[in-house]
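Chain by chain, the residues run as shown.
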Amino acid sequence: MTTWNDLQQTQPRVVPFMIKSLEKDRLSHAYIFAGESGTGKREIALQLTKSYFCRERNGAEPCGHCVDCKRIEKGNHPDVHIVEPDGASIKKHQVEFLQKEFTYRGMESSHKIYMITEADKMTASAANSLLKFLEEPESPTLAILLTERESSLLPTVRSRSQQISFQPLSKSVFAEKLQELGVSRMHSLVLAEITTNLDHANLLNEAEWIAQARSVVIQLMGELYLRPNQVLLTLQDKWLPLSKEKVHQEAGLDMILLWLRDLLYIQTGKSDTLVFPDQQDQYEQLALSISQQQNVEHLSGVLEAKRHLKANMNYQLVMEKLLLSIQGV
Ligand SMILES: [Zn+2]
């Protein structure tokens, strides 16, 4: 069972605040949990729900085995409602249904919680209908709105709720989270360096892109230094087909940057922080023939390539220019 302590590793600022509010019995009637995908908004909302209803709570910690805890875990607690987008938006009838359910259920119990995921997807009429509900609930009610785009919520909804900002995860915590989701350690290290947004990481992991890209980057960089005649062929045959989307083009440049940074780490004696740890032998061999100064110039070449890509320069040109400049220095 998840504990508040587990969650604190993900959100070291939000969790102590929620624990304190629970312990002092000072919960707000409505919260907005705002933060990127994968920052633990939903997990913390569920834990809050358990703490709110648990019959054998110890401090802020829910017991995990009472009827309420078990029902929340299984997603069938009668006083907990989760509203999710129906297609592209959350519609007025969904909010109205929630209100009706709560009025009817008001007979059975005194407290209720509703959670609205992707709350920024409420249509204007849904949000307006929620407003009344936020102001005049029929019975003691806790509302938790989750969003990645807080600024898209109606100002009137925001002003009636307490905003809780979820910080991006640290790279190491995010890499662990990816591993819990089944991503191998090797690939989680690379993904966590590129992004700590779960949607972004999932996109890069789709159809094993990250695995393929990782091995081509290693091939490309090795050839760049050891078999220079091969490089443009590998770029053409293996790299460009993997780099049709901008998200992949950007991630590819990030991976080249990480590869070069690893090499610099080896040159400066920091071999325990490698993102491509399986390349250590290769790095050590290359470190003998490339100076730190050259390597730093190569790194700034990649940063320049990233700027060119952002400015919409043709990707093949950006890559050719970068690879040739590394060879030339
Ligand atoms: Zn319990």
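In this text the structure is predicted, and so the values were computed from the model without any measurement. (Residues numbered from 1 in each chain as written. Predicted model: local features only at pLDDT ≥ 70, side-chain atom pairs only at ≥ 80, totals over all residues. Heavy atoms only, no water.)

A few points about the pattern of salt bridges
The full count for this structure, using the stated rule, is 14 salt bridges. In this structure, E118 engages K121 in a salt bridge whose closest nitrogen and oxygen atoms are separated by 2.5 Å. Owing to a relative accessible area of 30%, K121 belongs among the partly exposed residues under this scheme. A salt bridge links D120 to R149; the nearest nitrogen and oxygen atoms lie 3.4 Å apart. Taken together, the positions of D120 in the loop between strand 3 (112-116) and helix 6 (124-135) and R149 in the loop between strand 4 (141-147) and helix 7 (155-159) put the pair 29 residues apart, joining distant regions of the chain. Using a relative accessible area of 41% as the deciding quantity, one classes R149 as partly exposed. One salt-bridge network, in which partners are shared between bridges, spans K171, E193 and R261. (Salt bridge = Lys/Arg side-chain N within 4 Å of Asp/Glu carboxyl O. Buried < 20%, exposed > 50% of the residue type's maximum accessible area, 1.4 Å probe, protein only. Helix = DSSP H or I, 4+ residues; strand = E, 2+ residues; numbered from the N terminus.)

Remarks on the nonpolar core
Of all hydrophobic cores here, the largest spans 54 residues; its most connected members are W239, W259, L260 and M319. For this core, the element with the highest residue contribution is helix 13 (residues 246-267), accounting for 11 residues. Grouped together as the second largest cluster of nonpolar side chains are 23 residues, M18, L48, I144 and L146 included. (Core = buried A, V, L, I, M, F, W, Y, C linked by side-chain atoms within 4.5 Å.)

With respect to the coordination of the zinc ion
Binding of the zinc ion to the protein goes through C54 (SG), C63 (SG), C66 (SG) and C69 (SG), at separations of 2.3 Å. Each of the 4 donor atoms bound to the zinc ion contributes to angles spanning 102 to 118°, and the resulting shape is tetrahedral. Summarised as a motif, the one-chain spacing of the donors to the zinc ion is C-x8-C-x2-C-x2-C. C63 matches C54 in its accessibility class, with the two residues each being buried. (Donors = N, O, S within 2.8 Å, 3.2 Å for Na, K, Ca; no water. Tetrahedral: all angles 85-135°; square planar, octahedral: opposite > 155°, others 65-115°.)

As for helix 15 (residues 292-310)
The first and last C-alpha atoms of helix 15 sit 27 Å apart over 19 residues, in line with the 27 Å expected at 1.5 Å per residue. Listed in full, the buried residues belonging to helix 15 are N295, H298, L299, G301, V302, A305 and L309. Take helix 15 and look down its axis: the buried residues cluster within an arc of 150°, on one side only. Those residues of helix 15 that are exposed and angled more than 90 degrees off the buried face are Q293, R307 and K310. Of the surrounding secondary structure, the elements contacted by the buried residues of helix 15 are helix 11 (209-226), helix 13 and helix 16 (315-328). Count one or two residues on from helix 15 and you reach N312, which has phi positive near 65°. (Expected span 1.5 Å × (residues − 1). Arc of directions from axis to C-beta. Contact = heavy atoms within 4.5 Å.)

Notes on the UniProt feature "domain: DNA polymerase III delta subunit C-terminal" (unreviewed entry) in the chain
On the UniProt side, "domain: DNA polymerase III delta subunit C-terminal" (unreviewed entry) is annotated at positions that read residues 245-326 here. Along residues 245-326, the helical share is 74% and the strand share 0%, with 24 Å between the first and last C-alpha atoms. (UniProt positions renumbered as here; feature names shortened; annotations may be inferred.)

What about the pairing of strand 1 (residues 30-34)?
Where burial is concerned, most of strand 1 is hidden: 5 out of the 5 residues are buried. The side-chain alternation of strand 1 yields two buried faces, one formed by A30, I32 and A34 and the other by Y31 and F33. Taken together, the 4 bridges between strand 1 and strand 5 (residues 162-165) define a ladder with parallel strand orientation. Residue Y31 lies in a different strand from strand 5, and its bridge partner there is Q162. (Pairing = 2+ DSSP bridges.)

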